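Architecture and fold: a report
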Amino acid sequence: MNRRHLMKGVGLGIATSTFGMVSKGDEAVANTYANATKGLPPLKITNVKAILTAPQGIRLCVVKVETSEPGLYGLGCATYNQRPLPVAVAVDKYLNPFAKGRDADNIEDMWQNAYTSSYWRNGPVLNNALSGLDQALWDIKGKRANMPVYQLLGGKCRFAVDCYTHCSGRDLKQIEASVRKGIERGFRYIRIQRGGYGSPHLSKDAHFKEAGFAPKSDSMMEVRPYVEGTVEMFEHVRSTFGPNVELLHDIHERIPPIEAINLIKRLETYRPFFIEDPFSPEDNGYFRLLRQQTSVPIAMGELFNNPHEWVGLMSERLIDFIRVHISQVGGLSVARKIAALGEWFNVRSAWHGPGDVSPVGHAANAHLDLAIWNFGIQESVHFSEETREVFPGSPTVKDGYMVVNEVPGFGVDIDEKLAAKYPLPEHPGYWSPVRRSDGTAVRP
Ligand code: GCO
Ligand code: MG
């Protein structure tokens, strides 16, 4: 069958530049097979390793994939701040032996097989490890093609990546000053938060502490102070800065779903650009109810690991922005499919881009942002000088726009010697408990 179809392909003039020179019979078939495997010289994976570093105090994990071509390697982001060590084990002890000796060129094939190599799948640890390998292969592909990765994804849809910045403060004065600074730095999109997520400083009576129910270091938030404080914040910022600045806010789960719906309805009058993560992933079923109540744009997804969490929300048009954490979903290969899915439902991207994404991961976000039509907005962070030294070529943000280093691959390198000078902090990095006044655990 192959033989007949290949011959037919020749006859029809399909892919003439490859097949056109072949003239007749068996010789043509032989040459066709040869051509199908020709092209770039073979490139084998020789080593896959995790590199842990914390130049900004945040536990970053980057995967380096080395190849049979001396000096040709790729980097991918596998950062899982709360569980970095198991990710490193998954990379070094499982993905390395799995990938070694395999073809570095066939990224999709590698992804599909590495994905099922653990049989059980879609968890945060293994997805991050997989992302490290996947992104590193894209980086290698770009270097091999002598192109930035966004070119491999179809080229630019925009000249740079529009970003939002984080502005916050404990009271209205501090918030106003922070927003002013953000606008002065050139940002048109501003995320406003009143203190930490859920505004714990507004909740006064941590009865569980007095009762000795849990360590005093656990924090506390109640629903009402957070909700009222957030409405007041929006009222103040909107009336101070006028209608043109785009305002965003992260509920970060933390309140019962029906309270989140009520809050979002109250925020409608301040025209938010989006409200993020109103519900925990366990409460995905509430999105339909939310949609029936308000047209405030909704962004969701940084905690998602499993396609079952995003496919329905997107295809039923229950959210407006998908903001998965690209390494948490398994890498660039997955994220570009998510973006393609979103295009048909007009769900735009807002990839998670906090401090606990490595500069390699931010670059991966940005390369995808540049190439997809349904880009929405990109969360941006400030990289310290130390981080930039460890990761030369990290993306930069100016006037609210992120730009990538215009060289082949993702454009970000790592200075391994310097990275080793910033070991992970002693604290293991777990998510600290947040409780209601009576001690009940609040689910982020
Ligand atoms: C955001 C976030 C982050 C997460 C953090 C968890 O930027 O939207 O919600 O700040 O809380 O990445 O480690
Ligand atoms: Mg968030």
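Preceding this section is the structure that the text describes.
Keep in mind that this is a model prediction, so the values were computed, not measured.

1. With respect to the coordination of the magnesium ion (ligand 2)
Of the protein atoms, only Asp250 (OD), Glu276 (OE) and Glu302 (OE) coordinate the magnesium ion (ligand 2), at distances of 1.9 to 2.2 Å. One chain supplies every donor for the magnesium ion (ligand 2), spaced along it as D-x25-E-x25-E. In this pair, Asp250 is assigned in strand S7 (residues 246-250) and Glu302 in the loop between strand S9 (298-300) and helix H13 (307-315), connecting sequence segments 52 residues apart.

2. Some remarks on the packing of helix H4 (residues 84-99) against helix H6 (residues 124-145)
Relative orientation of the contacting elements H4 and H6 amounts to 55°, with a least axis distance of 9 Å. The pairing of H4 with H6 is recorded here as oblique in orientation. As H4 packs across H6, the resulting crossing turns out to be right-handed. In this structure, H4 uses Pro86, Val87, Ala90, Val91, Leu95 and Ala99 to contact H6, whose residues at the interface are Val125, Leu126, Asn128, Ala129, Leu130 and Leu133.

3. Considering the sheet that holds strand S2 (residues 60-67)
One open sheet holds the 3 strands; their spatial order is S1-S2-S3, and the pairing between them is antiparallel. Single-partner strands in this sheet number two, and they are strand S1 (45-53) and strand S3 (73-77). Averaged over all neighbouring strand pairs, the angle between strand axes comes to 20°, with direction disregarded. Bridge count between S1 and S2: 8 bridges; the pairing is antiparallel. Its bridge partner lying in S2, Leu52 is registered against Cys61. Sheet strands in contact with H4 are S1 and S2, and its direction is about 175° off that of S1. The sheet strands contacting H6 are S1, S2 and S3, and the helix crosses S3 at an angle near 140°.

4. Regarding the site of ligand 1
The environment of ligand 1 is formed by 13 residues, the closest being Tyr197, His252, Glu302, Asp356 and Glu379. Between ligand 1 and Gln82 there is a distance of 2.9 Å, counted from an oxygen atom to a side-chain nitrogen or oxygen. Within the side chain of Tyr197, an N or O atom sits 2.7 Å from an oxygen atom of ligand 1. In the complex, 88% of the free accessible area of ligand 1, which totals 340 Å², lies under the protein chains. Residues of the shell around ligand 1, tallied by class, amount to 3 nonpolar, 3 polar and 7 charged.

Rules used in this analysis
- Residues numbered from 1 in each chain as written.
- Chains lettered and ligands numbered in written order.
- Predicted model: local features only at pLDDT ≥ 70, side-chain atom pairs only at ≥ 80, totals over all residues.
- Heavy atoms only, no water.
- Donors = N, O, S within 2.8 Å, 3.2 Å for Na, K, Ca; no water.
- Helix = DSSP H or I, 4+ residues; strand = E, 2+ residues; numbered from the N terminus.
- Axes fitted to C-alpha atoms, helices over the stretch in contact; angles between N-to-C directions.
- Parallel < 35°, antiparallel > 145°, perpendicular 65-115°, else oblique.
- Left-handed = near helix turned anticlockwise from the far one by under 90°.
- Contact = heavy atoms within 4.5 Å.
- Pairing = 2+ DSSP bridges.
- Near = heavy atom within 4 Å.
- Polar contact = N/O pair within 3.5 Å; in protein donor to acceptor, adjacent residues only side chain to side chain.
- Areas by Shrake-Rupley, 256 points an atom, 1.4 Å probe, with all protein chains shown as cover.
- Nonpolar A, V, L, I, M, F, W, Y, C, P; charged D, E, K, R; others polar.

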